[in-house]
Structures are given as C-alpha cells and as structure tokens.
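Analysis of the macromolecular model
Take a look at the letters that make up each chain.
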Amino acid sequence: MPEQAPKVRKLSGHIGAEISGLDLARLDEREFKRLHDLFLEHQVLVLRDQMLTRDQHIALGKRFGELHVHPMAKGPEGYPEIFPIEAGANSSNDPKAIRAGKKAVNGGHWHSDVSCDPEPPLGSILYLREVPEFGGDTLFSSGYAAYDALSPAMQNFLEELTAVHSGEATYRLHYGDQRAQDRSRFGIKSETPYPEALHPVVRRHPETGRKSLFVNRGFTREIVELGHAESQALLEFLYRHQETPEFQVRVQWTANTVTLWDNRCTQHRAVFDYAGQVRRGERVTVKGDRPEPVLRHESLPWALAGA
C-alpha cells in the first residue's frame, strides 16, 4: 500500500502551514525533502503531537545544516546547541520589572533570531512540551510579503541601504552584565562583548531567490547611509509595516507541538499574555550564511570596524 503524502493546511494568505502525517523523529529522505520544500514555500511550519527526545531534536536540526550556538544562553549540560525556553511565575516582559529582578520571557518583542551575528541563523525549530492553559501564541510576519507590498520606488531605495544589527541592548536587558560566551570552538568568532554586524536592509534568499526585508526591532539599530533622525524614522516605518496583520500568521501552541521557521525571511514575537502560567520547551537553531544583498554590483562593508 503506497505511503500517504503529508496533509498541508495553509494558515494565512502569505505565511504559515500546518502539516500532519509526518513523524519528525523518523523522517526518511523522501519525507525530509518534502518537509524542506514546504519549509521554503510556507516560511513557517507547525506540526503537532510530536514526541522528540533531545537527541532526535538535534538530529532533525542537523538535517537542515550545521547547528548554531546562542551567544548568551547556555544549553543543558552536554547540549550547547539547545536554547532553553521557559517562562513561569517569576517571568515578565516589562523592562522595568526585569531590571528589578524578574526573569525576561524569551522573544517578547519582534525579532529575527540573533540577526546581530555576522552570519545569522538559517532557521529555528522550537519544541514546546508544556504550554499555558491559554495564551502564549507566537506571531510570525513574512518579510517577503512586507517587501512585495512596498512601492517600486521604496523598494529601489531600500535595496541600496545597509543596517547595523547589535545584540547589546537586548542582551543587556535579558542577561544583565553577562558578556557573550566564547563560541570559537563552534566556528563563530567575535571580538566585541556583544555580537554586531552590518546587513543589507533588503536581502535575497539564498535558496528561493526572493527578496525580503531584513530589519527588526530586537536587533536593528540604525541605517548606515542615513542621518540619525532619518534612520530612526525609516526604521520605525519599516517595523510598523512588517507588523501589518495581513503579513502575519498566529501560531497557537498545544503540548508537544514543533514549529519551524525561516529566519532569513520572517520575524516573530512570542505573546506574553499568560502571566503566572508555565510555557516550557527547547529550541534548536540552524546556522545560516552572510545575508546576500540584492544589488550584487555593490560591495557591503560586512563587518563593523573592530568586529
């Protein structure tokens, strides 16, 4: 009897699909190719009722590529590739409360994972084992849709710009005076206390060839070619533009759900509307490459001076 193809249910007009009929712990080559193709097509994939050990989670990530190690968060003993996700009674998304001693929730602002690295992650695979009774959804926004909706004049203007991405402000809030860990043994080098890099404002996806906006509130600090006031005004416009509901999908979690997303063309925000409840899981992140500018004939100063 022939194997049935996985079922695909689109979740919104521009981004996201829920996949059923695949066991992520036991994918054969044909099934993984189908998963990868769907990943590129939909940008965000949701698969429910998965049972993964930590080693199986890591093995799944490695099928997409070499794994990324977070600059700040340390994984469980023996698992540096694991990024723990946990929120509970002492968690908050309020900066004042965090400075007063509350634990910062993970991803409570719009961001693309570690875009401050010179080679930001390709994608992320989050496995939540415990979820709150209500709340705790994750919003994802498509950089493809945001770019496509801009006027040709704005698209052309943005394609010539570069932006500074820095982890300092976000990581100081979340981790206090802790500095970035030495990741040289994982092939990631930095000479600054916090990761920082220059990236094109519009990047070309290395696998699909599509153009995407690549700025986010979490890590983008300024546009190099513009004055400070111009830079901040344009970034605020782009942030608000990318937060347009029509470009988004909202993922509602259930226990043992796995969500995969493409950091090269999406950004996301975890909604903290479940204070006092527990949300717990682990994330595996796949290494990416240096973002490719749209205008190939122009060279970009990829690394900041001293970075």
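A brief look at the structure comes next. Owing to the predicted nature of the structure, the values given are computational and were not obtained by experimental measurement.

**What to know about the pattern of salt bridges**
Taken as a whole and judged by the stated rule, the model has 21 salt bridges. The partner of Glu 18 in a salt bridge is Arg 48, with the nearest N and O atoms 3.2 Å apart. Of this pair, Glu 18 sits in strand β2 (residues 17-20) while Arg 48 sits in the loop between β3 (44-47) and α2 (54-64), and the two are 30 residues apart along the sequence. Between Arg 264 and Asp 262 there is a salt bridge, and its shortest N-O distance comes to 2.9 Å. Take Arg 264 and Asp 262: they sit in the same class, and that class is buried. Among the charged side chains, a salt-bridge network with shared partners connects Arg 217, Glu 236, Arg 240 and Glu 243.

**A word on the packing of aromatic side chains**
Given two aromatic rings, their pairing is described by the distance between the two centres and the angle made by the two planes. Scanning the entire structure with this criterion turns up six aromatic pairs. With a centroid separation of 5.3 Å and an interplanar angle of 50 degrees, the aromatic rings of Phe 140 and Trp 261 are classed as tilted. Taken together, the residues Phe 140 in strand β8 (residues 138-142) and Trp 261 in strand β15 (residues 257-262) connect sequence positions 121 residues apart. Under the relative-accessibility criterion, Phe 140 is labelled buried at 0%. Judged by its relative accessible area of 3%, Trp 261 falls in the buried class.

**Topic: the packing of helix α1 (residues 29-42) against α2**
Following both chains from N to C, one finds α1 and α2 inclined at 70 degrees, their axes separated by 11 Å at the closest point. With respect to α2, the axis of α1 lies roughly perpendicular. For the pair α1 and α2, the crossing hand works out as right-handed. When α1 is examined against α2, the residues Glu 29, Phe 32, Leu 35, His 36 and Phe 39 are found in contact with a partner set consisting of Leu 60, Arg 63 and Phe 64. Its residues assigned to classes, the contact of α1 with α2 comprises five nonpolar, one polar and two charged.

**A word on the sheet that holds strand β11 (residues 202-204)**
Strand order across the open sheet formed by three strands is β12-β11-β18, with antiparallel pairing between neighbours. At either margin of the open sheet sits one strand with a lone partner, and together these are β12 (211-213) and β18 (292-293). Where β11 and β18 come together, two bridges link them in antiparallel fashion. Within the sheet, the bridge partner assigned to Arg 203 lies in β18 and is Pro 293.

**Regarding the nonpolar core**
With 25 residues, the main nonpolar core has Leu 24, Leu 35, Leu 45, Leu 47, Phe 64 and Leu 260 as its most contacted residues. For this core, the elements supplying multiple residues, two or more each, are β2, α1, β3, α2, β7 (123-130), β15 and β17 (279-286). Discounting chain neighbours no more than four positions away, the residues touching Leu 35 are Leu 22, Leu 24, Leu 27, Leu 45, Leu 47, Leu 60, Phe 64 and Leu 260. Judged by nonpolar contacts, the second largest core, of 18 residues, contains Tyr 147, Val 215, Ile 223 and Tyr 239.

Conventions adopted
Residues numbered from 1 in each chain as written. Predicted model: local features only at pLDDT ≥ 70, side-chain atom pairs only at ≥ 80, totals over all residues. Heavy atoms only, no water. Salt bridge = Lys/Arg side-chain N within 4 Å of Asp/Glu carboxyl O. Helix = DSSP H or I, 4+ residues; strand = E, 2+ residues; numbered from the N terminus. Buried < 20%, exposed > 50% of the residue type's maximum accessible area, 1.4 Å probe, protein only. Phe/Tyr/Trp six-rings, centres within 6.5 Å; stacked < 30°, edge-to-face > 60°. Axes fitted to C-alpha atoms, helices over the stretch in contact; angles between N-to-C directions. Parallel < 35°, antiparallel > 145°, perpendicular 65-115°, else oblique. Left-handed = near helix turned anticlockwise from the far one by under 90°. Contact = heavy atoms within 4.5 Å. Nonpolar A, V, L, I, M, F, W, Y, C, P; charged D, E, K, R; others polar. Pairing = 2+ DSSP bridges. Core = buried A, V, L, I, M, F, W, Y, C linked by side-chain atoms within 4.5 Å.

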